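Analysis of the macromolecular model
The residues making up each chain are set out below.
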Number of protein chains: 2
Amino acid sequence: MRATVLHKAGDIRCEEVADPTLILPTDAIVRLSATCICGSDLWPYRGIAPVDSPTHMGHEYCGIVEEVGSEVRSLKPGQFVVGSFATSDNTCPNCRNGYQSSCQHRTFMTGAQAPFVRVPLADGTLVALDEVPDRSLVPSLLATSDVLGTGWFAADAANVKPGSTVAVVGDGAVGLLAVLSAKQMGAERIIAMSRHEPRARLAREFGATDIVTERGQEGVERILEMTGGIGVDSVLECVGTQESMRQAIGAARRGGYVSYVGVPHDVQLDGQQLFFAHVHLHGGPAPVRRYLPDLMRRVTEGTIDPGRVFDLTLPLAEVAEGYRAMDERRAIKTLLEV
Amino acid sequence: MRATVLHKAGDIRCEEVADPTLILPTDAIVRLSATCICGSDLWPYRGIAPVDSPTHMGHEYCGIVEEVGSEVRSLKPGQFVVGSFATSDNTCPNCRNGYQSSCQHRTFMTGAQAPFVRVPLADGTLVALDEVPDRSLVPSLLATSDVLGTGWFAADAANVKPGSTVAVVGDGAVGLLAVLSAKQMGAERIIAMSRHEPRARLAREFGATDIVTERGQEGVERILEMTGGIGVDSVLECVGTQESMRQAIGAARRGGYVSYVGVPHDVQLDGQQLFFAHVHLHGGPAPVRRYLPDLMRRVTEGTIDPGRVFDLTLPLAEVAEGYRAMDERRAIKTLLEV
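Looking at the overall build of chain A
If you tally the helices and strands in chain A, you get twelve helices and 17 strands. For 338 residues, the compact-globule estimate of 2.2 N^0.38 gives 20 Å, and chain A sits close to it at 19 Å. Of all 338 residues assigned to chain A, the portion counted as buried reaches 59%. Pairs at least 24 apart in sequence give 67% of the contacts found in chain A among residues at least 6 apart. Within the structure as shown, chain A displays about 12,800 Å² of accessible surface, and the carbon and sulfur contribution to it stands at 47%. For chain A, the centre of its 32 positive side-chain charges and the centre of its 41 negative side-chain charges are spaced 3 Å apart.

A short note on the interface of chain B and chain A
Often, the extent of an interface is quoted as the loss of accessible area on bringing the components together. Contact with chain B, which involves 37 residues of that partner, is made by 37 residues of chain A. Taking both partners together, chain B and chain A bury about 3,200 Å²; carbon and sulfur atoms supply 59% of that area. The largest per-residue losses of area from chain B upon contact with chain A belong to I230, F275 and H278 of chain B, which jointly make up 21% of the total buried on that side. For the pair chain B and chain A, the number of links is zero salt bridges. Taken together, the connections running from chain B to chain A amount to 18 residue pairs in polar contact (both at pLDDT 80 or more). Of all elements in the fold, only helix 2 (93-96), strand 13 (252-260), strand 14 (268-270), helix 10 (271-277) and strand 15 (280-283) of chain B reach the threshold of two or more residues within the side of chain B that touches chain A.

Structural notes on the environment of A248 of chain B
All names here are of chain B. With respect to the helices, strands and loops of the structure, A248 is situated in helix 9 (residues 242-251). Looking at A248, the relative accessible area reads 0%, which means it is buried. Residues contacting A248, with those up to four places away along its chain left out, are V169, V235, E237 and V258.

So, the relation of the copies chain B and chain A
When chain B is fitted to chain A, the residual RMSD is 0.0 Å, and the transformation amounts to a turn of 180° plus an axial shift of 0.0 Å. Expressed as a symmetry operation, the mapping of one chain copy onto the other fits a two-fold axis. An overlap of 100% is found between the interface residues of chain B and their copies at the interface of chain A, pointing to a shared contact surface.

Basis of the calculations
- Residues numbered from 1 in each chain as written.
- Chains lettered and ligands numbered in written order.
- Predicted model: local features only at pLDDT ≥ 70, side-chain atom pairs only at ≥ 80, totals over all residues.
- Heavy atoms only, no water.
- Helix = DSSP H or I, 4+ residues; strand = E, 2+ residues; numbered from the N terminus.
- Rg over C-alpha atoms; globule rule 2.2 N^0.38 Å.
- Buried < 20%, exposed > 50% of the residue type's maximum accessible area, 1.4 Å probe, protein only.
- Contact = heavy atoms within 4.5 Å.
- Areas by Shrake-Rupley, 256 points an atom, 1.4 Å probe, with all protein chains shown as cover.
- Lys, Arg positive; Asp, Glu negative; His and termini not counted.
- Charge placed at Lys NZ, Arg CZ, Asp CG, Glu CD.
- Buried area = accessible area lost by both parts, 1.4 Å probe.
- Salt bridge = Lys/Arg side-chain N within 4 Å of Asp/Glu carboxyl O.
- Polar contact = N/O pair within 3.5 Å; in protein donor to acceptor, adjacent residues only side chain to side chain.
- Least-squares fit on C-alpha atoms with pLDDT ≥ 70 in both.

Now the structure itself:
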């Protein structure tokens with residue numbers, strides 16, 4: 001098959017590779033209905049997290065089960081499934097505690113920017129729909145695999161409740177879907193921090209009540225000004241840099257909640273600053289598996305339309321242009337047709 | 001009056017100072033029934049947080065209201081009161097959110113190792129009993145002022161619930177009372193990390209089910225071994241150093257809770273380590289005022305006896321020996337009779 005391989009920073013190609021095959025009896029092979037490019041794929045693409053050797057890219061996926069290993073019990077060929085970027089047995093203590101992305105047998109998915117992908121721990125990782133969904137639902141179902149699940153975790157980990165005042169740091173696809181998630185959880189006021197008009201517009205459509213264009217300390221001051229000097233109940237940090245983290249902690253009220261869902265790059269938190277900020281802090285790789293059944297139901301029932309974050313659709317063969325468009329911020333998120 | 005003054009590291013004296021007087025109309029003067037030395041007093045005593053000029057020490061207090069300012073509404077002379085180390089108006093948004101130790105008008109108490117102390121924001125800071133308590137209850141009521149309130153916050157901030165598995169890092173008075181607090185909150189298993197037998201014994205009496213003598217990475221490995229490789233639900237970090245914080249984060253299960261209640265000294269948290277540890281983190285100066293009515297009731301009803309952490313009692317005139325005994329770990333906590 002022809003699939004996506006990153007050779008080195010900036011050098012991404014759609015090229016001939018071996019078809020994936022069952023390796024373990026707990027594996028499944030999924031024929032993708034669509035795939036996409038993640039903001040986190042840009043770290044190696046930009047050389048910030050360099051690759052040592054040619055790497056098969058992609059960890060967001062949905063599609064039809066093609067083949068299952070001999071020990072797979074709950075799935076059969078022909079079913080439509082979505083899985084998380086982190087595989088999980090869904091039975092270990094960490095999974096039972098709802099942290100499937102820290103499953104004791106976790107692996108991180110790769111190779112999903114392709115027509116077929118091998119999914120380890122298929123029983124615990126994949127969630128099937130009763131019926132193959134209408135083609136029009138595929139983008140939104142694909143979004144549940146990571147970007148919505150991650151935005152949802154951001155809102156959940158920041159304790160968003162009916163009536164909450166929320167700020168979202170980051171206007172990438174995760175940040176935008178964190179806005180949607182906070183809205184679904186009943187937040188009353190949702191402040192999206194964005195200075196890019198097409199993204200701010202989508203944030204408003206997803207439920208943002210306010211847009212703040214200032215960043216860093218200015219952004220913090222603007223939020224404090226909007227909240228009587230107190231800060232917001234919940235800040236959803238969807239970037240993963242030192243500046244965005246500092247901004248998030250500064251914008252939360254005393255006793256408020258800060259979540260962080262992007263892998264932090266060179267972030268150091270000063271113990272004493274955090275101590276006197278008096279915030280709750282929670283984050284990590286989103287346990288998307290915990291949320292998948294609920295999120296897939298919301299999509300199939302038409303309650304939410306997270307697939308709207310895909311503002312560029314390309315055939316898989318043009319994956320390089322998809323990366324470029326996201327790198328240059330011409331696109332929020334690229335869907336790849338396979 | 002004769003009160004406690006720190007002149008420089010190691011040089012603590014009981015000497016003649018001016019009696020405190022009402023400065024603001026919201027102040028009260030309290031005649032102390034007893035006072036004590038806090039583990040945090042050792043930071044300036046040891047020169048780790050040096051003082052610039054002679055400093056009146058002491059921030060834990062209970063006693064009889066001697067005099068109130070013209071705007072004090074809820075208190076009158078003769079009442080027995082306890083207050084927190086942090087003053088609060090108990091009406092600002094941070095107070096209403098339960099974070100009185102981040103009150104918008106907060107000051108930190110000082111000068112309480114003395115026969116009399118001035119308490120700012122008396123209405124919001126002090127909690128009165130209906131009657132003057134029996135003398136025998138004074139040590140435990142004094143403990144609610146900081147060391148129990150802080151241990152209680154450690155347990156609350158780490159989400160201790162009936163059935164929880166808990167580890168407590170630190171066997172100072174706060175750590176020991178964090179054990180007592182976790183027990184009161186219904187924890188099923190409480191692992192105290194201590195290598196000092198008199199402290200470990202008191203920890204057991206307060207409710208510890210297990211004692212771990214290993215520290216640092218060895219301590220983490222011991223806790224993991226005891227919990228099937230998973231870690232505990234809640235870790236209560238009651239020290240405030242880089243090592244204790246790393247130990248606390250390492251001992252928690254994925255999705256577990258880590259609280260920290262001692263001012264962190266030179267602690268830096270690595271964002272990426274914290275991200276993959278997948279813990280909830282919460283701490284800061286304990287909002288003791290939130291808990292005081294409940295804790296004082298538990299003491300007067302005889303449910304708890306936190307005053308047992310005082311294993312040395314001295315007259316105020318011998319305060320220097322009290323500091324020395326705690327500095328050399330000969331005493332857990334020194335009560336000063338005034």
